[in-house]
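Read off the chains here:
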2 protein chains.
Amino acid sequence: MNRMVSQQAASLDGVFHALADPTRRAMLRSLADGERNIGELAAPHSMSFAAASKHVRVLEAAGLVRRRIEGRAHVCRIEPAPLAMADAWLKLYEALWSERRGAL
Amino acid sequence: MNRMVSQQAASLDGVFHALADPTRRAMLRSLADGERNIGELAAPHSMSFAAASKHVRVLEAAGLVRRRIEGRAHVCRIEPAPLAMADAWLKLYEALWSERRGAL
DNA sequence: CGATTATTGAACCGTATGGTTTCACAACAA
DNA sequence: TTGTTGTGAAACCATACGGTTCAATAATCG
C-alpha cells in the first residue's frame, strides 16, 4: 500500500512537471485533435527538432503520451489516465480548502 | 470573484511547477487544515529549515500561498484561486480527450 | 540588557533541465 | 543505388533546482 502511494506520488511529480511547460502543454493540445508524429508536434515551436523530441520524451515518461512506430514515423497519441490522477489530486484539495473557507 | 487575490501573475507554469514536488504538495495538504507558520510547515520534512523556507517561497510565487507576518512568525494560508486555474486547464483537455475517445 | 525564537539571505554544491549542434541510422522514393 | 526524410543519440552549454551551511535580523522572553 505504501508502495502504491509512493508510486502514485512519483507519477504525480512527473505529471505536474510535464505540465509545467508551455511547449509541452501546446503539444498535448495538438494531440487532443488526434495523433501526431514527432515532426508534426515539433513544427509549431521555434526550437530544434531535437529539443522538441526531448519534450515528447518528458510527456511519454509522465505517461501522458504513448508512441507507436509506423515505418520511420513515430506516431504519438494522448493517454488521459495520468491526467485524471492529477485532476483527482486537485479536486481533493480544492474540496478541502473550500470546506475550510466555508468553516471560517 | 471576492477579490483578485494574488496580485502576482499566477501562471500555469508556476502552479504546475509548484505542484510537481512532494514536499510542496505535503505543505499544501498541511495548510488545508488551517494556517501554519514556516516552522510548522518545515517540521515534518527531513531537510533544513532554509530548504523548507525555499519551498514555501515557490508556493508563494505560484500564488498558492499567502503570507502574513505576525510578530516574528510568518503565517501562511492557502490561496485556492490558482488551483482553480490549473483545474480548469485539466478539465478542458480531459473533455477534449474524452470526446476524442468517444469518437473512436 | 542578553538569550532565544522565527525567519531570511548569501554562498556554495551536485544534479537536472532546456536548449544547441553534429552525427548515425532505418525507411522510403527515384 | 542514391538521396531524402523522420528520428534518436551524444556531447556540450547555460541556467535552474533542491539541498546544505553559516551569518544576519527582528521579535519576544526573562
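Report on the accompanying structure. Source: prediction; values computed, not measured. (Residues numbered from 1 in each chain as written. Chains lettered and ligands numbered in written order. Predicted model: local features only at pLDDT ≥ 70, side-chain atom pairs only at ≥ 80, totals over all residues. Heavy atoms only, no water.)

1. Structural notes on the overall build of chain A
Here comes step 1: Looking only at helices and strands, chain A has five helices and three strands in total.
Here comes step 2: Reading chain A from its N terminus to its C terminus gives the helix and strand order α-α-β-α-α-β-β-α.
Here comes step 3: Going through the 104 residues of chain A one by one, you find that 38% of them count as buried.
Here comes step 4: The contacts of chain A with a sequence gap of at least 6 include a subset with a gap of at least 24, amounting to 55%.
Here comes step 5: Put simply, chain A shows about 5900 Å² of open surface, and 54% of that area lies on carbon and sulfur atoms. (Helix = DSSP H or I, 4+ residues; strand = E, 2+ residues; numbered from the N terminus. Buried < 20%, exposed > 50% of the residue type's maximum accessible area, 1.4 Å probe, protein only. Contact = heavy atoms within 4.5 Å. Areas by Shrake-Rupley, 256 points an atom, 1.4 Å probe, with all protein chains shown as cover.)

2. Observations concerning the protein's contact with DNA strand D
Here comes step 1: Close to DNA strand D lie 21 residues; Gly39, Ser53 and Arg67 of chain A together with Lys54 and His55 of chain B are nearest.
Here comes step 2: A share of 70% of the atoms of DNA strand D within 4 Å of the protein falls on sugar and phosphate groups.
Here comes step 3: In the environment of DNA strand D, a phosphate oxygen lies 3.2 Å from a nitrogen or oxygen atom belonging to the backbone of Ile38 of chain A.
Here comes step 4: Here Gly39 of chain A contributes a backbone N or O atom positioned 2.5 Å from a phosphate oxygen of DNA strand D.
Here comes step 5: Secondary-structure elements contributing two or more residues to the surface near DNA strand D are α3 (38-42), α4 (49-61) and β3 (73-78) of chain A together with α4 (49-61) of chain B.
Here comes step 6: For the surface near DNA strand D, the element with the most residues is α4 of chain B, which contributes four residues.
Here comes step 7: Here the residues of the surface near DNA strand D sort into six nonpolar, eight polar and seven charged. (Near = heavy atom within 4 Å. Polar contact = N/O pair within 3.5 Å; in protein donor to acceptor, adjacent residues only side chain to side chain. Nonpolar A, V, L, I, M, F, W, Y, C, P; charged D, E, K, R; others polar.)

3. A closer look at the packing of aromatic side chains
Here comes step 1: In the structure shown here, the tally under the stated rule is five aromatic pairs over all chains.
Here comes step 2: Plain terms: the ring middles of Phe16 of chain A and Phe16 of chain B are 6.1 Å apart, the flat faces sit at 25° to each other, and that makes the pair stacked. Of the two residues, Phe16 of chain A is situated in helix α1 (residues 2-19) and Phe16 of chain B in helix α1 (residues 12-19); the pairing between them involves two chains.
Here comes step 3: Classification of Phe16 of chain A by relative accessible area gives buried; the value is 0%.
Here comes step 4: Ring plane angle 45° and centroid distance 4.3 Å describe the contact between Trp89 of chain A and Tyr93 of chain A, whose orientation is recorded as tilted. Residue Trp89 of chain A and its partner Tyr93 of chain A are both found in helix α5 (residues 81-103); the two are separated by four residues, about one turn of the helix. (Phe/Tyr/Trp six-rings, centres within 6.5 Å; stacked < 30°, edge-to-face > 60°.)

4. Overview of the nonpolar core
Here comes step 1: Counting 54 residues, the largest nonpolar core has Leu28 and Leu64 of chain A together with Leu19, Leu28 and Leu64 of chain B as the members making the most contacts within it.
Here comes step 2: Those residues in contact with Leu28 of chain A that lie beyond four places of it in its chain are Leu19, Leu59, Leu64, Val65 and Ile78 of chain A together with Trp89 and Trp97 of chain B. (Core = buried A, V, L, I, M, F, W, Y, C linked by side-chain atoms within 4.5 Å.)

5. With respect to the sheet that holds strand β3 (residues 73-78) of chain B
Residues and elements named next belong to chain B.
Here comes step 1: With antiparallel pairing, the three strands of this open sheet are ordered in space as β1-β3-β2. Only two strands of the sheet have a single partner each, and these edge strands are β1 (36-37) and β2 (65-70).
Here comes step 2: In terms of strand pairing, β2 meets β3 through six bridges, oriented antiparallel. In the strand pairing of β3, Arg67 is matched with Cys76.
Here comes step 3: Sheet contacts for helix α2 (residues 22-32): β1, β2 and β3; angle to β3, the most-contacted strand, approximately 90°.
Here comes step 4: Of the strands in this sheet, β2 and β3 touch α4, which is tilted by about 120° from β2. (Pairing = 2+ DSSP bridges. Axes fitted to C-alpha atoms, helices over the stretch in contact; angles between N-to-C directions.)

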